[in-house]
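# Per-entry structural report
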Amino acid sequence: MVRAPLTPHLSNLIDAARSLGRDQKAAAVVVLAELAYDFRAIQIQLEDIKLIIASDKPAVIDAAKQDDIDHVPVLEEPETRQYQLVQALLEAIADELLKTGDTIIALYAAYERDEVDTLSVIDLAEHLTRLTSRDLQRLETTVPLETLRQVVNLAVEIGKEGREGSPVGTLFVVGNHRKALQQSHEQILDPCRGYPRRERSIRLARVRESIKELAQIDGAFIISADGYVEAAGRILDAPAEGLTLSKGLGARHWAAAAISRTTKAIAIAVSESTGTVRIFQDGSVVLRIEPIARAMKWSQHDGDASAAPVTEKPANI
């Protein structure tokens with residue numbers, strides 16, 4: 001396999017990552033790679049700091065496998081580098097390569113198309129304090145992790161940002177959509193009705209923006225396990241008898257718990273009052289994500305270890 005050369009600039013970034021990694025007691029250096037490098041040589045240069053390779057390129061993942069370096073795949077989507085890093089970190093946690101309290105050093109191409117040119121220090125404890133690999137793996141048994149991640153990211157954005165300066169609460173039901181539709185009814189004329197399926201994918205940026213706008217109306221979004229919006233503005237009819245929830249949770253959360261129990265779908269509720277995102281499975285809360293002002297703590301460096309860090313726009317989790 002042909003490997004891309006380690007340029008002097010990349011070698012300097014690796015040296016900076018090693019120095020910062022030791023200073024920050026980082027658990028790993030995560031490289032979001034577009035090219036297949038000699039990853040064993042990079043690991044040797046990092047010395048005692050673990051290297052994790054993340055990429056959407058099969059050839060890069062194959063190179064990491066050949067070099068016996070930890071690796072995680074990411075999806076090839078028209079998203080930002082930060083979003084790809086979020087995917088990589090979640091996959092690494094799911095594979096138990098990282099823990100939610102870790103600090104990591106990330107290397108990625110922020111300005112060039114292929115060449116790694118940017119270093120960031122990322123504190124996972126800032127935003128993943130309640131996210132564990134056990135949670136992700138358990139939820140994946142019902143809904144594919146990729147779909148779940150898309151919806152959870154969207155729910156967290158809604159909880160954190162609201163809409164036009166006002167807080168917004170909403171509810172998503174993901175998976176087993178036919179049964180969820182049977183156990184719900186229209187509150188308003190469904191704004192998703194009539195659109196071709198390919199135009200209702202939550203992977204599309206315009207669909208996610210539309211969901212943020214429609215979240216201001218009452219009712220739930222029904223999303224299929226493969227990530228298509230099947231309906232919006234649905235009132236859930238599943239019975240809530242026999243459920244036990246924490247005090248202070250309102251009708252939206254009771255509805256989420258009930259529909260997750262009767263349909264075996266995953267329900268994701270965003271609290272209007274606090275922005276907290278709760279994920280329900282089989283009638284219980286299995287994951288809770290608290291809103292924070294900054295979704296990810298980044299310190300970006302340009303490769304000069306002596307340069308003062310600057311704050312980069314936070315990614316969404």
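Residues numbered from 1 in each chain as written. Predicted model: local features only at pLDDT ≥ 70, side-chain atom pairs only at ≥ 80, totals over all residues. Heavy atoms only, no water.

### Quick word on the environment of L171
For the record, the criterion: A run of H or I in DSSP becomes a helix once it reaches four residues, and a run of E becomes a strand once it reaches two; helices and strands are each numbered from the N terminus. Residue contacts are defined here by distance: any two heavy atoms, one from each residue, within 4.5 Å place the two residues in contact.
With respect to the helices and strands, L171 occurs in strand β6 (residues 170–174). C-alpha of L171 to C-alpha of I268: the two residues are 97 residues apart in sequence and 5.7 Å apart in space. If we ignore the near neighbours within four places in the chain, the residues touching L171 are G219, A220, F221, L236, R252, A255, A256, A267, I268 and A269.

### So, the pairing of strand β11 (residues 277–281)
The test is simple: Exposure is judged per residue with a 1.4 Å probe applied to protein chains only, and the accessible area is read against the type maximum: over 50% gives exposed, under 20% gives buried, and values in between give partly exposed. In this analysis, strands are considered paired if DSSP registers two or more bridges between them.
Taken across its five residues, β11 has five buried, putting it largely inside the fold. Both strand β10 (residues 266–270) and β11 contribute to a ladder of four bridges, which runs antiparallel. Opposite A267, over in β11, you have F280 as the bridge partner. The antiparallel pairing of β10 with β11 creates a hairpin that spans six residues between the two strands, and G275 there sits at a positive phi of about 80°. In this sheet, strand β12 (residues 284–289) lies alongside β11 in antiparallel orientation, the contact comprising five bridges. Directly across from R278, in β12, lies its bridge partner R288.

### Side note on unusual backbone geometry
If you check the backbone angles, K264 has positive phi at about 65° while not being a glycine. In this fold, K264 is placed in the loop between α9 (251–263) and β10. Exposure remark for K264: the relative accessible area of 47% places this residue in the partly exposed category. Here D282, not a glycine, exhibits a phi torsion of approximately 55°, which is positive.

### A few points about the sheet that holds β10
Quick note on the threshold: What counts as an axis is a line fitted to C-alpha atoms, over the stretch in contact for a helix, and the angles between N-to-C directions run from 0 to 180 degrees.
A sheet is described by the order of its strands in space; here seven strands give the open sequence β7-β9-β8-β6-β10-β11-β12, paired in mixed fashion. The open sheet has two edge strands with one neighbour each: β7 (184–186) and β12. Averaged over all neighbouring strand pairs, the angle between strand axes comes to 35°, with direction disregarded. Sheet strands in contact with helix α6 (residues 145–161) are β6, β8 (220–223), β10, β11 and β12, and its direction is about 15° off that of β10. Across the face of the sheet, α9 comes into contact with β6, β9 (229–236), β10, β11 and β12 while running at roughly 175° to β10.

### Describing the confidence of the model for the protein
Using the following cut-off: The quantity called pLDDT is the predictor's confidence in a given residue, expressed from 0 to 100.
Looking at the protein as a whole, the pLDDT averages 83, with 84% of positions reaching at least 70. Contacts for the low-pLDDT stretch residues 293–317, under 50 throughout, to residues beyond four places or in other chains number 75 contacts.

### Structural notes on the environment of L85
Structurally, L85 is set in helix α4 (residues 81–94). Residue L85 is classed as buried on the basis of its relative accessible area of 0%. For the pair L85 and A54, spaced 31 residues apart in sequence, the C-alpha to C-alpha distance is 8.1 Å.

### Remarks on the packing of helix α1 (residues 8–24) against helix α2 (residues 39–46)
Going by this rule: Here the word oblique covers every angle except those under 35 degrees (roughly parallel), over 145 (roughly antiparallel) and from 65 to 115 (roughly perpendicular). Working rule for handedness: look at the near helix, and if it is turned counterclockwise from the far one by less than a right angle, call the crossing left-handed; if clockwise, right-handed. Three classes are used, and their members are as follows: Ala, Val, Leu, Ile, Met, Phe, Trp, Tyr, Cys and Pro are nonpolar, Asp, Glu, Lys and Arg are charged, and the others, Gly among them, are polar.
Contact geometry of α1 with α2 gives a least axis separation of 9 Å together with a crossing angle of 40°. Relative to α2, the element α1 lies oblique. For the crossing formed where α1 meets α2, the hand is right-handed. Where α1 abuts α2, its residues S11, I14, D15, A17 and R18 lie against I42, Q45 and L46. Looking at the contact of α1 with α2, its residues break down into four nonpolar, two polar and two charged.

### Some thoughts on the packing of aromatic side chains
Which entries qualify depends on this criterion: Stacked, tilted and edge-to-face pairs are distinguished by plane angle, under 30 degrees for stacked and over 60 for edge-to-face with tilted covering the rest, among Phe, Tyr and Trp rings (Trp via its six-membered ring) whose centres lie within 6.5 Å. Note on geometry: a ring has a charge over it if NZ (lysine) or CZ (arginine) is within 6 Å of the ring centre and within 35 degrees of the ring normal.
Counted by the stated rule, this structure contains two aromatic pairs. Geometrically, the ring pair formed by Y37 and F39 is edge-to-face, given 6.3 Å between the ring centres and 80° between the ring planes. Each ring, one from F172 and one from F221, has its centre 5.3 Å from the other, and the planes form 20°; the classification is stacked. In this pair, F172 sits in strand β6 while F221 sits in strand β8, placing the two residues 49 residues apart along the sequence. Note on accessibility: F172 and F221 belong to one class, buried. We note R197 situated over the ring of Y228; from NZ or CZ to the ring centre the distance is 3.9 Å. The aromatic ring of Y228 is capped on one face by R203, whose charged end is 6.0 Å from the ring centroid.

### Some words on helix α8 (residues 205–214)
Quick note on the threshold: Here, the arc refers to the directions that run from the helix axis to the C-beta atoms.
For α8, the complete set of buried residues consists of V207, R208, I211 and K212. Down the axis of α8, the buried set is contained in an arc of 145°. They therefore lie on one face.

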